[in-house]
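The residues making up each chain are set out below.
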Amino acid sequence: MASMAAAIAPIPKDIFNLGFIGAGKMAESIARGVVKSGVLPPGRIRTAHLGKARRAAFESFGVKVLDRNAEVVQESDVIIFSVKPQIIKEVVLQLRPLISEKQLLVSVAAGVKLQDLQEWAGHGRFIRVMPNTPAAVGEAASVMSLGTAAIEEDGELIAKLFGAIGKIWKADEKLFDAITGLSGSGPAYIYLAIEALADGGVAAGLPRELALGLASQTVLGAASMVTKGGKHPGQLKDDVTSPGGTTIAGVHELEKGGFRGILMNAVVSAARRSQELSK
């Protein structure tokens, strides 16, 4: 496979067309992010859908909407399969006669392995990406893994595209179940935490709207302190817990309730379930 990869020409960065197979919310989030960040002009992006609402959503920011997936494949250099995991095999097999190794293929379908994707497509120039739902607001935590014939430049190109909707890391595919447990399912854990913090605020006497606003902004601010400040979260926690103060009293309650262990268990349990589902 190494000699085959060496013969593969990089996608021309300045003139390539991007196609989406599947015109759902994730495809729309990626396309909007790519256009908004200036990575690609909308005229170089295309998808296909027959429904009025989905067509209008993409056309509203200048994306070319075709009638058939086959047309998208024929007009695109990079093709992102953004369809449900249950139907991706059928979709890739259907388009296989039109796909060549000159095209870079990408899948965002949860739980579908590179080995299967490559087999269905007939070649290994495939990259599997796992974004998460905050892609909708440009704050995704995405991870990618390169297929057997994907070259380094392919990875760089995909990092640039998905960097338009958040942050992206590169990892071995064997870690994807654990990634599902953390960043894939993680937003739901944080929604629960925000709701619980707001409920605590209401219990302490705050109006509901104020409590929810403060809770969500506090989580956002704390996350930003970790990502932008360069300090370990343990150090940040120590910085705000003064001796005998209010914060250490609250932290003590969380520790008594096994807060850390519960979150760790949630990640491990979701990762295990991901493993079971992909068998």
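Let us look at the structure shown here. Bear in mind that the values here come from a model prediction, so they are computed numbers and not experimental data. (Residues numbered from 1 in each chain as written. Predicted model: local features only at pLDDT ≥ 70, side-chain atom pairs only at ≥ 80, totals over all residues. Heavy atoms only, no water.)

## Let's talk about the layout of surface pockets
Gaps between atoms show up when a probe of the same size as a water molecule is rolled over them.
Inference 1: Roughly 460 Å³ of volume is contained in the second largest pocket.
Inference 2: Taken together, 21 residues make up the lining of the second largest pocket; nearest its centre are Met26, Pro85, Val108, Ala109 and Ala110.
Inference 3: Among the elements of the structure, helix 2 (25-36) and strand 6 (126-130) are those that each provide at least two residues to the lining of the second largest pocket.
Inference 4: A breakdown of the residues in the lining of the second largest pocket according to their chemical character gives eleven nonpolar, seven polar and three charged. (1 Å grid on protein atoms, 1.4 Å probe; cavity = no way out; pocket = protein on both sides within 12 Å on 5 of 7 lines; lining within 4 Å. Points joined across faces, edges and corners; volume = space filled by probe spheres on them. Helix = DSSP H or I, 4+ residues; strand = E, 2+ residues; numbered from the N terminus. Nonpolar A, V, L, I, M, F, W, Y, C, P; charged D, E, K, R; others polar.)

## Examining the pattern of salt bridges
Inference 1: Across all of its chains, the model carries 14 salt bridges by this definition.
Inference 2: Of the charged contacts, one joins aspartate 238 and lysine 237 as a salt bridge, the two residues approaching to 2.9 Å between their closest N and O atoms.
Inference 3: On the accessibility criterion, aspartate 238 (43% relative accessible area) is partly exposed.
Inference 4: Lysine 237 gets classed as partly exposed once you look at its relative accessible area, which sits at 32%.
Inference 5: We note a salt bridge from glutamate 255 to arginine 260, for which the minimum N-O separation is 2.9 Å.
Inference 6: Residues joined by salt bridges that share partners form a network here, namely Glu28, Arg32 and Arg54. (Salt bridge = Lys/Arg side-chain N within 4 Å of Asp/Glu carboxyl O. Buried < 20%, exposed > 50% of the residue type's maximum accessible area, 1.4 Å probe, protein only.)

## Let's talk about the environment of arginine 46
Inference 1: Tracing the chain through its elements places arginine 46 in strand 2 (residues 45-48).
Inference 2: Separated by 47 residues in the primary sequence, arginine 46 and leucine 93 place their C-alpha atoms 20 Å from one another.
Inference 3: Apart from the residues within four sequence positions on either side, arginine 46 is in contact with Asn17, Leu18, Gly19, Phe20, Val63, Lys64, Leu66, Val72, Glu75 and Ser76. (Contact = heavy atoms within 4.5 Å.)

## Remarks on the packing of helix 8 (residues 176-184) against helix 13 (residues 259-277)
Inference 1: Two elements in contact, helix 8 and helix 13, have axes separated by 7 Å at closest approach and are oriented at 135°. In this view, helix 8 runs oblique relative to helix 13, as classed from their interaxial angle. As helix 8 runs across helix 13, the sense of the crossing is right-handed. Where helix 8 abuts helix 13, its residues Asp177, Ala178, Thr180, Gly181 and Leu182 lie against Val267, Ala270, Ala271, Ser274 and Gln275.
Inference 2: Looking at side-chain class alone, the contact of helix 8 with helix 13 contains five nonpolar, four polar and one charged residues. (Axes fitted to C-alpha atoms, helices over the stretch in contact; angles between N-to-C directions. Parallel < 35°, antiparallel > 145°, perpendicular 65-115°, else oblique. Left-handed = near helix turned anticlockwise from the far one by under 90°.)

## Structural notes on helix 13
Inference 1: Given a rise of 1.5 Å per residue, 19 residues ought to cover 27 Å, and the 27 Å separating the end C-alpha atoms of helix 13 matches this to within 8%.
Inference 2: Considered for burial, the residues of helix 13 that qualify are Ala270, Ala271 and Ser274. In an axial view of helix 13, the angular spread of the buried residues amounts to 100°, which keeps them on one side of the axis. Residues of helix 13 that are exposed and point over 90 degrees away from its buried face: Ile262 and Asn265.
Inference 3: Buried residues along helix 13 sit in contact with helix 8 and helix 9 (186-203). (Expected span 1.5 Å × (residues − 1). Arc of directions from axis to C-beta.)

## Some points on the nonpolar core
Inference 1: Counting residues in hydrophobic clusters, the biggest one holds 32 residues, and the most contacted among them are Leu18, Val78, Ile158 and Phe162.
Inference 2: At the level of elements, strand 1 (18-21), helix 2, strand 4 (78-81), strand 5 (104-107), strand 6, strand 7 (140-146) and helix 7 (152-162) are the ones that each hand at least two residues to this core.
Inference 3: The residues contacting valine 78, other than those within four sequence positions of it, are Ile11, Phe16, Asn17, Leu18, Gly19, Leu104, Val106, Leu157, Ile158 and Leu161.
Inference 4: Residues Ala48, Val73, Val83 and Val92 belong to the second largest nonpolar core, which totals 22 residues. (Core = buried A, V, L, I, M, F, W, Y, C linked by side-chain atoms within 4.5 Å.)

## Examining the packing of helix 9 against helix 10 (residues 208-229)
Inference 1: Taken N-terminus to C-terminus, the directions of helix 9 and helix 10 make an angle of 135°; their axes are 8 Å apart at the nearest point. Between helix 9 and helix 10, the crossing angle belongs to the class labelled oblique. Crossing hand, helix 9 versus helix 10: right-handed. Here Ile190, Ile194, Leu197, Ala198, Asp199, Gly201 and Val202 of helix 9 lie close against helix 10, whose contacting residues are Arg208, Ala211, Leu212, Ala215, Ser216 and Val219.
Inference 2: Grouping the constituent residues of the contact of helix 9 with helix 10 by class yields nine nonpolar, two polar and two charged.

## Notes on the sheet that holds strand 8 (residues 166-170)
Inference 1: With mixed pairing, eight strands are arranged side by side in an open sheet as 3-2-1-4-5-6-7-8. Of all the strands in the sheet, just strand 3 (64-66) and strand 8 have a single pairing partner and so form its edges. Averaged over all pairs of adjacent strands, the angle between strand axes in this sheet comes to 25°, irrespective of strand direction.
Inference 2: Pairing geometry for strand 1 and strand 2, over three bridges, is parallel. Note that in strand 2 the partner of phenylalanine 20 across the bridge is threonine 47.
Inference 3: Across the face of the sheet, helix 5 (residues 88-95) comes into contact with strand 1, strand 4 and strand 5 while running at roughly 150° to strand 4. (Pairing = 2+ DSSP bridges.)

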